[in-house]
Structure formats: C-alpha cells, structure tokens
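Descriptive analysis of the structure
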Amino acid sequence: MATKHFKVGDHVSWNSEAGHVSGTISKVITSQIEFKGYKVHASKDEPQYEIKSDKSDHIAMHKGSALKKLSS
C-alpha cells in the first residue's frame, strides 16, 4: 500500500483509544526525532505528522497510513 502524504494545514482524522479524533497537521517530520520521550522514525519517503487536536491542545504524532484527510 502506498504511503499517504499530507501537508501542513491539512485537516485529518485518526483512531485513538478515545475513538475518532480530528485535527490539523502542524508539522511534517522527515527525520528521526524524540517526541514525548519516544523516538519517532521518519524519513522523506515515510514522514510522520505532528497534529493539533481540534477539541483540545493535545499534540499527536502519526504516520500517514493512520490518517484520513477530511474535506475542508
């Protein structure tokens, strides 16, 4: 399955322990970083996305395969 690519400002949703969550991509990560004490393995071919939740100030990090783009 091809990797889904998104850009800053895209409105997306994903599944979490609390159910479906939506938010806006605030950063595209293309190299390994540390996020909330975890190593995030990302590359230009397989980026990860920092997303700010619509309903709270929560910041999440997800792979493109976990995200679904919502219409604007």
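Above this note sits the structure.
Since this is a predicted model, take the numbers as computed values, not measurements.

1. Details of unusual backbone geometry
Despite not being glycine, lysine 36 has its phi angle at roughly 55 degrees, a positive value. In this structure, lysine 36 sits in the loop between β3 (33-35) and β4 (38-40).

2. Quick look at the environment of valine 28
Note on placement: valine 28 falls in strand β2 (residues 19-29). Residue classification places valine 28 among the partly exposed residues on the basis of a relative accessible area of 34%. Counting along the chain gives 21 residues from valine 28 to lysine 7, while the straight-line C-alpha distance between them is 6.8 Å.

3. Description of the pairing of β2
Across six bridges, the pairing between strand β1 (residues 11-16) and β2 is antiparallel. Within β2, the position partnered with valine 12 by the bridge is glycine 23. Counted between consecutive antiparallel strands, the loop separating β1 from β2 contains two residues. Where β2 lies against strand β5 (residues 48-53), six bridges are found, and the strand directions are antiparallel. Bridge pairing in β5 places isoleucine 29 opposite glutamine 48.

4. Comments concerning the nonpolar core
Ranked by size, the top nonpolar core spans eight residues in total: Phe6, Val12, Trp14, Ile25, Tyr49, Ile51, Ala60 and Leu67. For this core, the secondary structure elements donating two or more residues are β1 and β5. With residues up to four places along the chain from it excluded, the contact list for isoleucine 51 reads Val12, Trp14, Gly23, Thr24, Ile25, Ser26, His58, Ile59, Ala60, His62 and Leu67. Ile29, Val40, Ala42 and Met61 belong to the second largest nonpolar core, which has five residues in total.

Each value, and the rule that gives it
In this convention, every chain numbers its residues from 1, walking through the sequence in written order. Reporting of local features is limited, given that this is a predicted model, to residues whose pLDDT is at least 70; pairs of side-chain atoms are given and counted only at 80 or more, and all residues count toward the totals for whole chains, interfaces and linings. With hydrogens and water excluded, all non-hydrogen atoms of the structure serve as input to the side-chain values. Helix numbering and strand numbering both begin at the N terminus, where a helix is a DSSP run of H or I of at least 4 residues and a strand a DSSP run of E of at least 2. Any residue under 20% of the maximum accessible area for its type is buried, any over 50% is exposed, and the rest in between are partly exposed; the area is computed with a 1.4 Å probe on protein chains only. Two strands form a pair only when DSSP identifies at least two bridges running between them. Definition used in this section: a nonpolar core is a set of buried Ala, Val, Leu, Ile, Met, Phe, Trp, Tyr and Cys residues joined via side-chain atoms within 4.5 Å. Pairs of residues are marked as contacts when any of their non-hydrogen atoms sit within 4.5 Å.

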